[in-house]
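Listed below, chain by chain, are the residues.
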Amino acid sequence: MEQRTLLALMVFSSLIILSETIDQKPAIEIYSLHVDCKVTSRFAHTVITSKIVNRANESQEATFEVELPKTAFITNFSMSIDGEVYPGIIKEKAAAQNEYDTAVSQGQSAGLVKITDRKLEKFHVSVNIAATSKVTFELTYEELLKRQLGKYELLIKVQPKQLVKHFQIDVHIFEPQGIHFLETDSTFMTNELTEALTTVQNETKAHISFKPTLDQQKKNSELGETLLNGDFVVRYDVKREATAGDIQIVNGYFVHYFAPQEMPVFPKNVIFVIDRSGSMTGRKIEQTRDALLKILQDLRPEDHFSFITFNNKVVEWKSSLLPATEENVASAAALVQTLTARGGTDINGALLTAVGMLEQAEGLPERSVSMIILLTDGQPTSGERNVEVIQENVQKAINGKYALFCLGFGFDVSYKFLEKMALSNGGIARRIYENADAALQLQGFYQEVATPILMQIEMQYPENSIEGLTKNNFKLFFEGSEIIVSGKISDELELLPVEIKAQSHTSNLTLTEEANVKEKEQVFQNQKYIFGNFIERLWAYLNIQQLLEKAISAQEEDQKALEAQALDLSLQYSFVTPLTSMVVTKPQQQEELANKPTEADNEKPSSLPAGASFKRFHSRMRSEDDSGTHRLMGGLRGVSRFREAVIAQPIANEYPQLLLQLPRQNERICLNIDKRAQTSVHLLSDPEQGLTVTGKLGHGINHFVQFDINYVNPPVQIHVYTHAILVSYNNNNSWLSWAKSASSTIQGLRVSVEKERSVTASLPDTVTVKISLVRFPDDFLGLYFLDTERFSDKVTGVLGQFYSKAQLESDSSNDQSAVERLLRVSGSEHKVSRLHKKDYRLKSDSEPVSCWSIDLTP
């Protein structure tokens, strides 16, 4: 029987997940795992090496997975099998894709990298290794660490799920400016594991090593379970002087870091433009309310602010911006608490209204920063729907005077549309992932832009002596962040002069600095663990990032020229970027492609390209009454107001946690459970069927990642995970993989797996249990039942009660478009709302389905 071992390591800005799924007595053993991270002046070079041996008497498949930051570029990958090396080769993406389209059409995987999280993307490769053979995987990637809120953070999430004989994490930090502070933290550290952690630090260097022995890793001396399960965090910042920043030079390339401190903060004039269309209903609008209430408390007294909310109607909270006094903040908080979702999405009208409010504002501080923060979860379905026209309208209206920040909530938005609009108007775009911490994501973004301390920053260098200068003009600088400029110095230059011009809240600034080239180059000589050409690679990395960003908002002809420059640099410095691919060659000449996905690639299949118009889901949207259109403080007033809240989106919301069909009623229920992650939820129990089902919610994804199915006769337990399925019977365990279709029968109980799709448990005269596997955007599981008429009247549980004691109140008006009804379950009444959701029982690209949505707390 073929077994499969999964090793996953996740690293971003310093975040690494080490995770592995194996049999209780693994034939494939990972005997060595080493993460070696060298951080030199913020530029991180990480090498992950995993050594595996197949101790079985037959061939086995091993899968190597690494979750790395979206901002990182893979630079090298190789497999070494019994001494033969299989390297990855980086080529132009278009050429590589054409070359291997035939392999894709034949069903071979051609996408070794996919986005898995708001910060992460996953690299994975599988290889079959012969009995007693060894394989070594090695992956290298590089990134420039970004300073946020005054610190750099290395978060290492450790989850090996087995004891590893040689387990080691090394983090080397070298900061010539000096290390201002350094701290480590961990959620799994015990007294024994603390002995495996060492930190050696001096003025400019630090070496953090974590090297637990097998005994230190053990939870229990008698069991083989590991303690290594949680977060390991390194945080640090560098020393800074009140000068024009710090210049570092190596091999003719320079990097200039500028992060002024203790400067007065500009007053802000901020307009929050909030989507309250029908697709924001439920958790999205609740999380938006929670975030806005916290953000209101963070406004400074000298700030001015206002709110604009929109669906197919645009509503101004006030006709002008108000100072952030206690009274005005309290009034705004009252508004936020009444926000409800309904109707279409007029993004164009809302943004133009916000610009108009800033244009007409009076009494604002003379030196202040004006910004618009847009939060939307959908496509433009009302007013102007052509995204190119909207982008043009907004850019013309703003005309360089204000910064526009665009937050896209979930995956129904066109991120490409929002990103181009933000970058064209001095801001940035960010996707807010629909996880349990969405409110914290919103607050975190606001904190990053809440304290502007400089504007109109110009970093000036001698034109004739510098080549390939990266971006050196910046519209805004926020406290706790950092400006980085890099370039190539001509051979004859001995002194590198720098002049910085900027506007602060109180005055215009001019800062100067002069760096001695030879003296600066001496700093990095004889540093034994520093890779010597790191500033040149940093320069290439920064150039590629900025060229690709600039191409997003450029005209088509300029866009091609910018991408051509970025491609040349990517190939020259061996970076896997959105323009290149790594060709991974495996034994038997099998080849796969590792492409670099972008956030814009991480879209629902139904997202439309830029320039397209978005049509209404219904031919005509139900209009709102005047009180709902022009007054936000009224809130909901009875069922009649609910009946106006038609969900009229072109694209469905996310998947529900659970889906079921009500017995004897042709009605579909979408059920969401408010329960803490990783606690067991009793979903269903039927003593006459001899069946019990429980489930566990995942961390941060608000979906089930584990289901446990228990049968009385035969006494079988089926544990379904997102990585594999474990079938237990009479103390015998058998693992089934999602990677291939298979089946197993135990005393009439048939367990069958459809490859990467579903697992089914069926027993004669018993309800059939089916669990779907969903891989996008997060791995999760969806439960449903077939032959539900076989449930007895004694069925119970959060889900089970719907099969015996649920009745959906009939609609007396026979209105098929009604959006609220009453559902009676186990003697309780619940208001349920009609929503459109993705159906995890169907293929991922299928149309959304209508269902009655209910939230329950067990």
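These numbers were taken from a predicted model, which means no experiment stands behind them. (Residues numbered from 1 in each chain as written. Predicted model: local features only at pLDDT ≥ 70, side-chain atom pairs only at ≥ 80, totals over all residues. Heavy atoms only, no water.)

Glancing now at the overall build of the protein chain. When you go through the protein chain residue by residue, the secondary structure sums to 14 helices and 50 strands. Counting over 858 residues, the protein chain shows a buried share of 57%. Long-range pairs, those at least 24 residues apart, make up 68% of the contacts in the protein chain between residues at least 6 apart in sequence. Of the accessible surface of the protein chain, which amounts to about 36000 Å², a share of 45% is contributed by carbon and sulfur atoms. (Helix = DSSP H or I, 4+ residues; strand = E, 2+ residues; numbered from the N terminus. Buried < 20%, exposed > 50% of the residue type's maximum accessible area, 1.4 Å probe, protein only. Contact = heavy atoms within 4.5 Å. Areas by Shrake-Rupley, 256 points an atom, 1.4 Å probe, with all protein chains shown as cover.)

For any two helices packed against each other, one specifies the inter-axial angle together with the distance between the axes. Running from N to C, helix 4 (residues 283-298) and helix 9 (residues 438-449) point in directions that differ by 30 degrees, and their axes come no closer than 8 Å. Judged by the angle between their axes, helix 4 and helix 9 are roughly parallel. For the pair helix 4 and helix 9, the sense of crossing is right-handed. Residues Gln-287, Thr-288, Asp-290, Ala-291, Lys-294, Ile-295 and Asp-298 of helix 4 lie in contact with helix 9, whose contacting residues are Ala-438, Ala-439, Leu-442, Gln-443, Tyr-446 and Gln-447. (Axes fitted to C-alpha atoms, helices over the stretch in contact; angles between N-to-C directions. Parallel < 35°, antiparallel > 145°, perpendicular 65-115°, else oblique. Left-handed = near helix turned anticlockwise from the far one by under 90°.)

Counting residues in hydrophobic clusters, the biggest one holds 62 residues, and the most contacted among them are Leu-658, Leu-683, Ile-718, Leu-783, Phe-785 and Phe-802. Ignoring anything within four residues of it in the chain, the contact list for Phe-785 reads Leu-684, Val-693, Val-767, Thr-768, Val-769, Phe-791, Leu-799 and Tyr-803. Ile-48, Val-164, Phe-210 and Tyr-236 belong to the second-largest nonpolar core, a separate cluster that totals 55 residues. (Core = buried A, V, L, I, M, F, W, Y, C linked by side-chain atoms within 4.5 Å.)

Strand order in the open sheet made by the six strands is 34-35-50-49-48-47, with mixed pairing throughout. Edge strands, defined here as strands with exactly one partner in the open sheet, are strand 34 (658-661) and strand 47 (806-808). On average, each strand axis in the sheet is inclined to that of its neighbour by 35 degrees, with strand direction left out of account. In this sheet, strand 49 (residues 828-837) lies alongside strand 48 (residues 820-825) in antiparallel orientation, the contact comprising six bridges. Directly across from Val-825, in strand 49, lies its bridge partner Ser-828. (Pairing = 2+ DSSP bridges.)

It is worth spelling out the side chain of Asp-686 at this point. Structurally, the position occupied by Asp-686 is in strand 36 (residues 680-686). Of the side chains with opposite charge, Lys-794 comes closest to the buried, unpaired Asp-686, at an N-O distance of 8.0 Å. A distance of 3.1 Å separates a polar side-chain atom of Asp-686 from the backbone nitrogen of Glu-688. Residues within four places of Asp-686 in sequence aside, it is in contact with Leu-691, Phe-791, Ser-792 and Val-795. (Lys, Arg positive; Asp, Glu negative; His and termini not counted. Salt bridge = Lys/Arg side-chain N within 4 Å of Asp/Glu carboxyl O. Polar contact = N/O pair within 3.5 Å; in protein donor to acceptor, adjacent residues only side chain to side chain.)

Turning next to the pattern of salt bridges. Applying the stated rule across the entire model yields 24 salt bridges. For Glu-225, the salt bridge identified is with Lys-219, shortest N-O distance 3.9 Å. One salt bridge connects Asp-303 with Lys-268, and the closest N-O pair in it is separated by 2.8 Å. Pair noted here: Asp-303 is in the loop between helix 4 and strand 20 (304-310) and Lys-268 is in strand 19 (residues 268-275), with a separation of 35 residues, a long-range link. For the pair Asp-303 and Lys-268, a shared accessibility class is recorded, and that class is buried. Via salt bridges that share partners, Arg-42, Arg-147, Glu-175, Asp-237, Arg-240 and Glu-482 belong to a single interconnected network.

Secondary-structure assignment places Leu-374 in strand 23 (residues 369-376). It is 9.4 Å that separates the C-alpha atoms of Leu-374 and Ala-429, two residues lying 55 residues apart in sequence. For Leu-374, the contacting residues outside a window of four places in its chain are Val-273, Phe-310, Ile-347, Leu-351, Phe-405, Cys-406, Leu-407, Leu-418 and Met-421.

Next up on the list: the sheet that holds strand 18 (residues 253-258). Read across the sheet, four strands follow the order 17-18-29-27 without closing on themselves; strand pairing throughout is antiparallel. Edge positions in the open sheet fall to strand 17 (246-250) and strand 27 (466-467), since each of these has one partner strand only. Of the strand pairs in this sheet, strand 17 and strand 18 are connected by five bridges, and their pairing is antiparallel. Paired with Val-250 across the strands is Tyr-253, a residue of strand 18.

In regular strands, side chains alternate between the two faces of the sheet. Across the seven residues that make up strand 29 (residues 483-489), a large majority, six, are buried. Both strand 18 and strand 29 contribute to a ladder of six bridges, which runs antiparallel. When the bridges of strand 29 are listed, Val-255 appears paired with Ser-486. Sheet topology places strand 27 next to strand 29; two bridges connect them, and they run antiparallel. Residue Ile-466 lies in a different strand from strand 29, and its bridge partner there is Ile-489.

As a further point, take the packing of aromatic side chains. If you walk through the whole model with that rule in mind, you get 29 aromatic pairs. When the ring of Phe-64 is compared with that of Phe-137, the centres are 4.9 Å apart and the planes differ by 5 degrees; the resulting orientation is stacked. Taken together, the residues span a long stretch of sequence, with Phe-64 in strand 5 (residues 60-69) and Phe-137 in strand 10 (residues 134-144) at a distance of 73 residues. Both residues of the pair, Phe-64 and Phe-137, belong to the buried class. (Phe/Tyr/Trp six-rings, centres within 6.5 Å; stacked < 30°, edge-to-face > 60°.)

This part covers the state of the cysteines. Enumeration according to the criterion identifies one disulfide in this entry. Sulfur-sulfur distance for the disulfide between Cys-670 and Cys-851 comes to 2.0 Å. As the torsion about the S-S bond is roughly -110 degrees, the Cys-670-Cys-851 disulfide counts as left-handed. Note that Cys-670 is positioned in strand 35 (residues 668-673) and Cys-851 in strand 50 (residues 849-856), a separation of 181 residues in sequence. Across the pair, exposure class does not vary: Cys-670 and Cys-851 are buried alike. (Disulfide = S-S within 2.5 Å.)

Once that is clear, we can look at a negative patch on the surface. Judged by side-chain charge, Glu-286, Asp-290, Asp-674 and Asp-855 come together as a negatively charged surface patch. Of note, Glu-286 is situated in helix 4. Of the residues examined, Glu-286 reaches a relative accessible area of 37% and is grouped as partly exposed. (Patch = residues over 30% accessible without salt bridge, like charges linked within 9 Å, V, L, I, M, F, W, Y side chains within 5 Å. Charge placed at Lys NZ, Arg CZ, Asp CG, Glu CD.)

Our focus in this paragraph is helix 7 (residues 387-398). The end-to-end C-alpha distance of helix 7 is 16 Å, a good match for the 16 Å that 12 residues give at a rise of 1.5 Å each. Buried within helix 7 we find Val-387, Ile-390, Gln-391, Val-394 and Ile-398. For helix 7, the angular spread of the buried residues around the axis is 100 degrees, confining them to a single face. Looking at helix 7, the residues exposed on the side facing more than 90 degrees away from the buried face are Glu-392 and Lys-396. Buried-residue contacts for helix 7 involve helix 6 (347-360), strand 24 (403-409) and helix 8 (415-423). The N-cap residue of helix 7 is Asn-386: its side-chain oxygen and the backbone nitrogen of Glu-388 are 3.0 Å apart. Among the residues trailing helix 7, Asn-399 stands out with phi positive, at a value near 50 degrees. (Expected span 1.5 Å × (residues − 1). Arc of directions from axis to C-beta.)

Let us now look at the environment of Phe-405. When you line up the elements, Phe-405 lands in strand 24. Looking at Phe-405, the relative accessible area reads 3%, which means it is buried. Residues Phe-405 and Leu-423, spaced 18 residues apart in sequence, show a C-alpha to C-alpha distance of 8.5 Å. Residues contacting Phe-405, with those up to four places away along its chain left out, are Met-371, Ile-372, Ile-373, Leu-374, Gly-427, Ile-428, Phe-445, Val-449 and Phe-478.

Attention now moves to the packing of helix 6 against helix 7. For the pair helix 6 and helix 7, interaxial distance at closest approach is 10 Å and the crossing angle is 0 degrees. Taken as axis vectors, helix 6 and helix 7 run roughly parallel relative to one another. Residues Asn-348, Leu-351, Leu-352 and Val-355 of helix 6 lie in contact with helix 7, whose contacting residues are Ile-390, Asn-393, Val-394, Ala-397 and Ile-398. Of the residues belonging to the contact of helix 6 with helix 7, the class tally is seven nonpolar, two polar and no charged. (Nonpolar A, V, L, I, M, F, W, Y, C, P; charged D, E, K, R; others polar.)

None of this, on its own, says anything about what the molecule does.
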